[in-house]
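Residue-level listing of the chains:
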Amino acid sequence: MINWWRRHRNWLTPALLLAPGLLLFLVVIIWSSIETFWISFFDWDGMGPKSWIGLANYRELLDDPQFYVSLKNNFIWLLMFLLAPPAGLAIAFLVNQKIAGMRLMKSLFFMPLVLATVTVGVIFTWFYDPTFGLLAILFRAFGAEAPALLSDENLVTFAVVGAALWPQVAFCMVLFLAGLNNLDEELIGAGRVDGARGLAMLWHVVLPQLTQVAFIAVAITIVGALRSFDAISVMTAGGPFGSSTTLAYQMYEQSLFSYRFGYGAAIATILFLIMAVFIAWYLRGLLRAEKGA
């Protein structure tokens, strides 16, 4: 037994170390996803017996106006959230400078990342309040009346996304700071010898070394935008009149409040497919760019 272990320890050791995490991933993620897809073919209240209805949940979903509102809001989240990686990169370049007081600036930019999403939602709810919030104070300073952003059907989604962007930009900043601290100094030195300065240095030497970090930042940002839930739950509860609801929140609402777990599972399946398509599209573009380079 000891001899067998010694012969195979090169692969047995990492396999045993990875086994608990892999088992957890298979049970919590993979099995749950399969179970959710299966439940979407049933009419089920979450407690009683399941009733097979085939594709009826999906047909109802296509005729549900709220589904299209949620889908539109998800795309708004996605488009606005994609501002987080470039904003995080810009702030990372700023706070990475060796200037007096920059450590304090770095801490201030990092602060939103340690706050729970619920806390951020409560802070911005106060900020947006049209009677006593900071936004109202700013508008009064210019002799204007602050809009009730969280009560306006046309503006509420943008207001909630603006709140959620605050910690997301901080997260991207931390990722890019880690990447900047691991830049190859020899490549930078070679670029300087070749006369690269300013934007040329940034575009041809620095950014290519941040490709992997940028991939992680964009991928996590896309997933975060499509599964948006916490900020909506705290700030608007999907209102007013369902105008700020996303697919994730609609799934939660249909499953837990309407006791329609089959319909909620159908929404979850659609959301998973949308997420998979975006990630696959992004991976394909990234691989093409690497091959071209």
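Counting from 1, residues in each chain are numbered in the order their sequence is written. Given that the model is predicted, a residue must reach a pLDDT of at least 70 before its local features are reported, and side-chain atom pairs must reach 80 or more before they are shown or counted; all residues, however, enter totals for whole chains, interfaces and linings. Side-chain metrics rest on all non-hydrogen atoms present in the structure, leaving aside hydrogens and water.

Some points on the overall build of the protein
Counting its regular elements, the protein contains 14 helices and two strands. Projected onto the principal axes, the alpha-carbon positions of the protein cover approximately 80 × 70 × 35 Å. Each residue is placed in one exposure class: buried if its accessible area under a 1.4 Å probe, protein chains only, is under 20% of its type's maximum, exposed if it is over 50%, and partly exposed if it falls in between. When the 293 residues of the protein are sorted by exposure, 38% land in the buried category. Every residue pair with non-hydrogen atoms within 4.5 Å of one another is taken to be in contact. When contacts within the protein are restricted to residue pairs at least 6 apart in sequence, those whose partners lie at least 24 apart make up 67%. The way it works is that DSSP assigns letters per residue, a run of H or I at least four long becomes a helix, a run of E at least two long becomes a strand, and they are numbered from the N terminus.

With respect to the side chain of Asn74
Within the secondary structure, Asn74 is located in helix H3 (residues 65-81). Judged by relative accessible area, which is 2%, Asn74 ranks as buried. Definition of a polar contact: a pair of N or O atoms within 3.5 Å, with one able to donate and the other able to accept a hydrogen when the atoms are protein atoms, and with sequence-neighbouring residues admitted only if both atoms are side-chain atoms. One polar contact links the side chain of Asn74 to the main-chain amide nitrogen of Leu247, over a distance of 2.8 Å. If we ignore the near neighbours within four places in the chain, the residues touching Asn74 are Ala225, Leu226, Ser228, Thr246 and Leu247.

Thoughts on the packing of aromatic side chains
Here a ring pair, both rings aromatic, is described through the centre-centre distance and the interplanar angle of the planes. Pairing of aromatic rings covers Phe, Tyr and the six-membered ring of Trp, with a centre-to-centre limit of 6.5 Å; geometry is then stacked below 30 degrees between planes, edge-to-face above 60, and tilted otherwise. Under the definition given, this model contains 18 aromatic pairs. With a centroid separation of 5.6 Å and 50° between ring planes, the pair formed by Trp44 and Phe261 is classed as tilted. Highlighted residues: Trp44 in the loop between strand S1 (42-43) and strand S2 (51-52) and Phe261 in helix H14 (residues 261-292), separated in sequence by 217 residues. On the basis of an interplanar angle of 55° and a centroid distance of 5.8 Å, the ring pair of Phe124 and Tyr128 is categorised as tilted. Of this pair, Phe124 and Tyr128 both sit in helix H6 (residues 117-128), four residues apart, which is roughly one turn of that helix. On the accessibility criterion, Tyr128 (9% relative accessible area) is buried. These aromatic residues form a ring-pair network of at least three members: Phe37, Trp38, Phe41, Phe42, Trp52 and Tyr58. The criterion for a charge sitting over a ring is simple: Lys NZ or Arg CZ within 6 Å of the ring centre, and within 35 degrees of the ring normal. Positioned above the aromatic ring of Trp44 is the side chain of Lys50, whose terminal nitrogen or guanidinium carbon lies 4.5 Å from the ring centre. Over the ring of Tyr263 we find Arg260, and its NZ or CZ is 4.4 Å from the ring centre.

Considering a nonpolar patch on the surface
Here the term patch refers to residues with relative accessible area over 30% and no salt bridge, with like charges joined within 9 Å and nonpolar side chains (Val, Leu, Ile, Met, Phe, Trp, Tyr) within 5 Å. Each accessible area is a Shrake-Rupley estimate made with a 1.4 Å probe; only the visible protein chains count as cover when residues are assessed. Take a side-chain nitrogen of Lys or Arg and a carboxyl oxygen of Asp or Glu: if they are within 4 Å of each other, that pair is a salt bridge. Among the surface-exposed residues, Leu22, Leu23, Leu24, Phe25, Leu26, Val27, Val28, Ile29, Ile30, Trp31 and Ile34 lie close enough to one another that they form a single nonpolar patch of about 1,100 Å² accessible area. Tracing the sequence through the fold places Phe25 in helix H1 (residues 2-39).

A short note on empty space enclosed by the protein
A pocket here means an open set of points on a 1 Å grid, computed over the protein atoms alone, that has protein on both sides within 12 Å along at least five of seven lines. A cavity is instead a set of points where a 1.4 Å probe fits but cannot get out; residues with an atom within 4 Å of a point line either one. Grid points are joined across faces, edges and corners, and a volume is the space filled by probe spheres set on the points. Applying the stated rule across the entire model yields one cavity of 30 Å³ or more. One number sums up the size of the largest cavity: a volume of about 40 Å³. Lining the largest cavity are Leu71, Asn74, Phe75, Leu78, Leu226, Leu247, Leu271 and Ile274. Listed by contribution, the elements that provide at least two residues to the lining of the largest cavity are H3 and H14. The element contributing the most residues to the lining of the largest cavity is H3, with four residues. Per-class residue counts for the lining of the largest cavity are seven nonpolar, one polar and no charged. Throughout, the ten residues Ala, Val, Leu, Ile, Met, Phe, Trp, Tyr, Cys and Pro are labelled nonpolar, Asp, Glu, Lys and Arg are labelled charged, and all others, Gly among them, are labelled polar.

Quick word on the nonpolar core
Residues grouped as a nonpolar core are buried Ala, Val, Leu, Ile, Met, Phe, Trp, Tyr and Cys residues, joined through side-chain atoms within 4.5 Å. Judged by nonpolar contacts, the single largest core of 63 residues is most densely connected at Trp77, Tyr128, Val160, Phe176 and Met235. When residues of this core are assigned to their parent elements, the largest contribution, 13 residues, is made by helix H8 (residues 156-180).

Re unusual backbone geometry
Pro240 follows Gly239 through a cis peptide bond whose omega is -5°. Checked against the element boundaries, Pro240 lands in the loop between helix H12 (230-235) and helix H13 (247-257). Unusually for a residue other than glycine, Phe241 sits at a positive phi of about 55°. Secondary-structure assignment places Phe241 in the loop between H12 and H13. Despite not being glycine, Tyr259 shows a phi value in the positive range, around 55°. Considering the arrangement of structural elements, one finds Tyr259 in the loop between H13 and H14. Residue class for Tyr259 comes out partly exposed when judged on its relative accessible area of 49%.

Here we look at the packing of helix H5 (residues 102-114) against H8
Every axis in this analysis is a line fitted to C-alpha atoms, fitted for helices over the stretch in contact. Angles between the N-to-C directions lie between 0 and 180 degrees. Where H5 contacts H8, the axes come no closer than 7 Å and their chain directions differ by 120°. By the angle between their directions, the pair H5 and H8 is classed as oblique. For the element pair H5 and H8, the recorded crossing hand is left-handed. Two secondary-structure elements touch here, H5 through Lys106, Phe109, Phe110, Met111, Pro112 and Leu113 and H8 through Trp166, Pro167, Ala170, Phe171, Met173, Val174 and Leu177. Across the contact of H5 with H8, the residue classes break down as twelve nonpolar, no polar and one charged. Comment on the angle field: the value is read as roughly parallel under 35 degrees, roughly antiparallel over 145, roughly perpendicular from 65 to 115, and oblique elsewhere. Here a crossing is taken to be left-handed if its near helix is turned anticlockwise relative to the far helix by less than a right angle, and right-handed if that turn runs clockwise.

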